[in-house]
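Summary of the model geometry
Chain by chain, the residues run as shown.
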Amino acid sequence: MMKFLENIIDTLKYKKLRALEMKRWLGILIYASVYFSIEAYASANNIEFYIWDTALTTSIIVLTIILGNFFCGWLCFMQRFQDAIGIVGRLILRSKYNNLINQKNRNKIKWIKYILAGVTILVPLVLSSYNVFIKFWGWAFSIGMIFTLVERRAYCKYFCFIGALFKLASIKNKKILIRNQSNCTACNLCSVVCPQDCDPAKKDGSISKDLWCTSCNRCKTVCPSNAIVKEKI
Ligand code: SF4
Ligand code: SF4
Ligand code: SF4
């Protein structure tokens with residue numbers, strides 16, 4: 001519970017973090033409007049869900065290769081959905097919330113969702129079955145959301161195969177977040193505000209290459225020493 005209150009206080013306390021979150025909410029609202037407008041248009045014109053959703057996702061993947069992981073960082077409303085579930089989890093589990101798996105073990109299992117992504121996409125492809133894909137996605141989504149009751153952003157971290165695809169698409173992006181160790185005062189604030197438990201304060205150099213990082217810029221925004229910067233590599 002204390003951690004939850006600290007997170008809220010952090011967001012309210014830091015003016016720059018507040019401004020960043022406002023911009024991210026705006027991005028989410030714009031994307032949600034675009035998504036539901038496309039859905040309404042497709043439904044009015046009898047365009048199947050799998051056609052327009054695949055076209056939309058493919059377009060985002062192509063843009064991600066060029067621009068980096070802008071979708072996870074700025075547009076995804078599923079993050080906010082998980083944050084809402086997390087509030088319930090925190091109220092139930094209090095200090096045990098988000099402490100089921102320690103950081104050392106988290107770092108060891110960061111790749112799991114990439115295997116799940118492969119299975120969720122490849123098995124339906126081999127079977128040529130869209131229904132199997134929907135079933136796999138439904139299971140991943142449901143388990144991820146239930147797990148979000150005990151661990152923050154669990155769907156993002158362990159189950160979201162779309163997020164895994166966006167991350168892989170952005171891997172060659174030249175602009176990345178770096179922690180400049182000579183400026184860092186080891187205050188740990190960046191790790192406290194990171195919603196994905198990437199622990200940027202412990203990173204040697206590259207931060208956004210972390211398999212869980214959604215490039216949300218919260219760590220960079222809150223750093224009092226400007227030790228986290230976006231650099232072209
Ligand atoms: S990992 Fe998935 S749920 Fe999380 S921000 Fe990215 S697309 Fe959204
Ligand atoms: S917030 Fe900045 S100064 Fe503090 S630990 Fe992170 S990088 Fe270092
Ligand atoms: S490491 Fe920084 S940019 Fe990445 S998810 Fe955490 S706060 Fe966001």
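Everything below is about the structure printed above this text.
Notes on the structure follow. Note that the coordinates shown come from a computational prediction; the quantities given were computed from them, not determined experimentally.

Observations regarding helix H2 (residues 15–44)
For H2, with 30 residues, the first-to-last C-alpha span of 44 Å sits near the 44 Å given by 1.5 Å per residue. Where H2 is concerned, the buried positions are Leu-17, Leu-20, Glu-21, Arg-24, Gly-27, Ile-28, Tyr-31, Ala-32, Tyr-35 and Ala-42. The first or second residue beyond H2 is Asn-46, which carries a positive phi of 55°.

A few points about the site of ligand 3
The environment of ligand 3 is formed by 13 residues, the closest being Cys-194, Cys-213, Cys-216, Asn-217 and Cys-219. When atom positions are compared with the pocket grids, ligand 3 is found to occupy the second largest cavity. Split by residue class, the shell around ligand 3 holds 8 nonpolar, 4 polar and 1 charged.

Side note on the nonpolar core
The nonpolar side chains of a soluble globular protein tend to be buried with one another. Ranked by internal contacts, the top residues of the largest apolar core, which has 14 residues, are Phe-141, Met-145, Tyr-155, Tyr-158, Phe-159, Cys-198 and Trp-212. With 4 residues, the single largest contributor to this core is helix H9 (residues 154–159). Those residues in contact with Tyr-158, other than ones at most four positions away along the chain, are Ile-101, Arg-106, Ile-109, Ile-112, Lys-113, Leu-116, Phe-147, Glu-151 and Trp-212.

Regarding empty space enclosed by the protein
The final tally for this structure, using the stated rule, is 2 cavities of 30 Å³ or more. Volume-wise, the largest cavity comes out at about 100 Å³. Cys-184, Cys-187, Asn-188, Cys-190 and Cys-223 are the residues nearest the centre of the largest cavity, which is lined by 14 residues in total. Class assignment of the residues belonging to the lining of the largest cavity gives a composition of 10 nonpolar, 3 polar and 1 charged. If you add up the space inside the second largest cavity, you get close to 70 Å³. Around the second largest cavity sit Leu-177, Cys-194, Pro-195, Gln-196, Cys-198, Ile-207, Cys-213, Thr-214, Ser-215, Cys-216, Asn-217 and Cys-219, which together line it. For the lining of the second largest cavity, the per-class residue count stands at 8 nonpolar, 4 polar and no charged.

Here we look at the site of ligand 1
By nearness alone, every residue bordering ligand 1 is listed as Phe-71, Cys-72, Cys-76, Met-78, Gln-79, Gln-82, Lys-113, Tyr-155, Cys-156, Cys-160 and Gly-163. With respect to the pocket detection grid, ligand 1 is positioned in the largest pocket. Counting residues per element, the shell around ligand 1 draws most heavily on helix H5 (residues 77–93), which supplies 3 residues. Split into classes, the residues belonging to the shell around ligand 1 amount to 7 nonpolar, 3 polar and 1 charged.

The rules behind these values
- Residues numbered from 1 in each chain as written.
- Chains lettered and ligands numbered in written order.
- Predicted model: local features only at pLDDT ≥ 70, side-chain atom pairs only at ≥ 80, totals over all residues.
- Heavy atoms only, no water.
- Helix = DSSP H or I, 4+ residues; strand = E, 2+ residues; numbered from the N terminus.
- Expected span 1.5 Å × (residues − 1).
- Buried < 20%, exposed > 50% of the residue type's maximum accessible area, 1.4 Å probe, protein only.
- Near = heavy atom within 4 Å.
- 1 Å grid on protein atoms, 1.4 Å probe; cavity = no way out; pocket = protein on both sides within 12 Å on 5 of 7 lines; lining within 4 Å.
- Sits in = over half its atoms within 2 Å of the grid points.
- Nonpolar A, V, L, I, M, F, W, Y, C, P; charged D, E, K, R; others polar.
- Core = buried A, V, L, I, M, F, W, Y, C linked by side-chain atoms within 4.5 Å.
- Contact = heavy atoms within 4.5 Å.
- Points joined across faces, edges and corners; volume = space filled by probe spheres on them.

Nothing here speaks to function; it is geometry throughout.
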